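Residues per chain, in single letters:
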Amino acid sequence: MTDDTERLRRLNTVGLISYLLHLVVAVGALIPGGQWGPTLLVVALILDFVKKDDAVGSWHASHFRWRIRSVLFAFLAYLVTFPLWLLFVIPGWVAWLVISAWFLYRIVKGMVRMNAGQPMEFAP
């Protein structure tokens, strides 16, 4: 096996582990009482930050960026909508449900494209 093939295989393994951790968190966020995922999300985020330099120059680099940005955007959205929980419980719950569904969509989309060996596409 060539060095490049081995590198891509390792990156695929890291990506799969990261996506699975994200998936557990995303599904857990949609299940009432299933908010047990923040620790897994932090583990996945650290894994992505630590290993992203290994992916420079390969199509996997776009997946690291995709996963990191998904987590950071979701965190910001949760933070911005947190006051809704303090003022009105139902709107807060609805906002977090929408954010969680968006996060789940991004993780599933990324997993599908990674398994197909395709980079993530970003809007211009």
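A brief structural summary. As the structure is a prediction and not an experimental result, all values here were calculated from the model. (Residues numbered from 1 in each chain as written. Predicted model: local features only at pLDDT ≥ 70, side-chain atom pairs only at ≥ 80, totals over all residues. Heavy atoms only, no water.)

Counting its secondary structure elements, the protein contains 4 helices and 0 strands. Beginning at the N terminus, the succession of helices and strands in the protein can be written as α-α-α-α. Counting only C-alpha atoms, the protein reaches 60 × 30 × 25 Å along its principal axes. A buried classification covers 33% of the 124 residues belonging to the protein. Considering only intrachain contacts with a sequence separation of at least 6, the fraction spanning at least 24 residues in the protein is 67%. Counting only carbon and sulfur atoms, one obtains 73% of the accessible surface of the protein, whose full area is about 7,500 Å². (Helix = DSSP H or I, 4+ residues; strand = E, 2+ residues; numbered from the N terminus. Buried < 20%, exposed > 50% of the residue type's maximum accessible area, 1.4 Å probe, protein only. Contact = heavy atoms within 4.5 Å. Areas by Shrake-Rupley, 256 points an atom, 1.4 Å probe, with all protein chains shown as cover.)

With that settled, the discussion passes to the side chain of R67. Relative to the helices and strands, R67 is located in helix 3 (residues 60-87). A polar side-chain atom of R67 sits 3.0 Å from a polar atom in the side chain of D48. Those residues in contact with R67 that sit more than four places away from it in its chain are G15, S18, Y19, H22 and D48. (Polar contact = N/O pair within 3.5 Å; in protein donor to acceptor, adjacent residues only side chain to side chain.)

Within the secondary structure, S58 sits in the loop between helix 2 (38-51) and helix 3. Its relative accessible area of 13% is what places S58 among the buried residues. Among residues more than four places away in sequence, those in contact with S58 are R7, L8 and L11.

Under the defined criterion, the tally for this structure stands at 6 salt bridges. The salt bridge partner of R7 is D4, with a shortest N-O separation of 3.7 Å. Of this pair, R7 and D4 both sit in helix 1 (residues 3-30), 3 residues apart, which is roughly one turn of the helix. Here R7 falls in the partly exposed class, since its relative accessible area comes to 22%. Put simply, K51 and D54 hold a salt bridge, and the shortest N to O gap is 3.0 Å. Residue classification places K51 among the partly exposed residues on the basis of a relative accessible area of 28%. Given a relative accessible area of 37%, D54 falls into the partly exposed group. Each of the salt bridges in this network shares a partner with another, and the network as a whole consists of E6, R9 and R10. (Salt bridge = Lys/Arg side-chain N within 4 Å of Asp/Glu carboxyl O.)

To continue, consider the environment of R113. With respect to the element layout, R113 can be found in helix 4 (residues 89-115). With a relative accessible area of 17%, R113 lands in the buried category. Distance in space between the C-alpha atoms of R113 and I90 is 35 Å, their sequence separation being 23 residues. Filtering out sequence-adjacent residues up to four positions away, R113 remains in contact with H63, Q118, P119, M120 and E121.

We now examine the nonpolar core. Core analysis: the largest hydrophobic core is formed by 15 residues, its most contacted members being Y19, L41, V71, F103 and I107. Apart from residues lying up to four places away in sequence, Y19 is in contact with H63, W66, R67, I107, G110, M111, M114 and M120. (Core = buried A, V, L, I, M, F, W, Y, C linked by side-chain atoms within 4.5 Å.)

Relative orientation of the contacting elements helix 3 and helix 4 amounts to 175 degrees, with a least axis distance of 8 Å. Between helix 3 and helix 4, the interaxial angle falls into the category roughly antiparallel. Class assignment for the residues of the contact of helix 3 with helix 4 results in 19 nonpolar, 7 polar and 4 charged. (Axes fitted to C-alpha atoms, helices over the stretch in contact; angles between N-to-C directions. Parallel < 35°, antiparallel > 145°, perpendicular 65-115°, else oblique. Nonpolar A, V, L, I, M, F, W, Y, C, P; charged D, E, K, R; others polar.)

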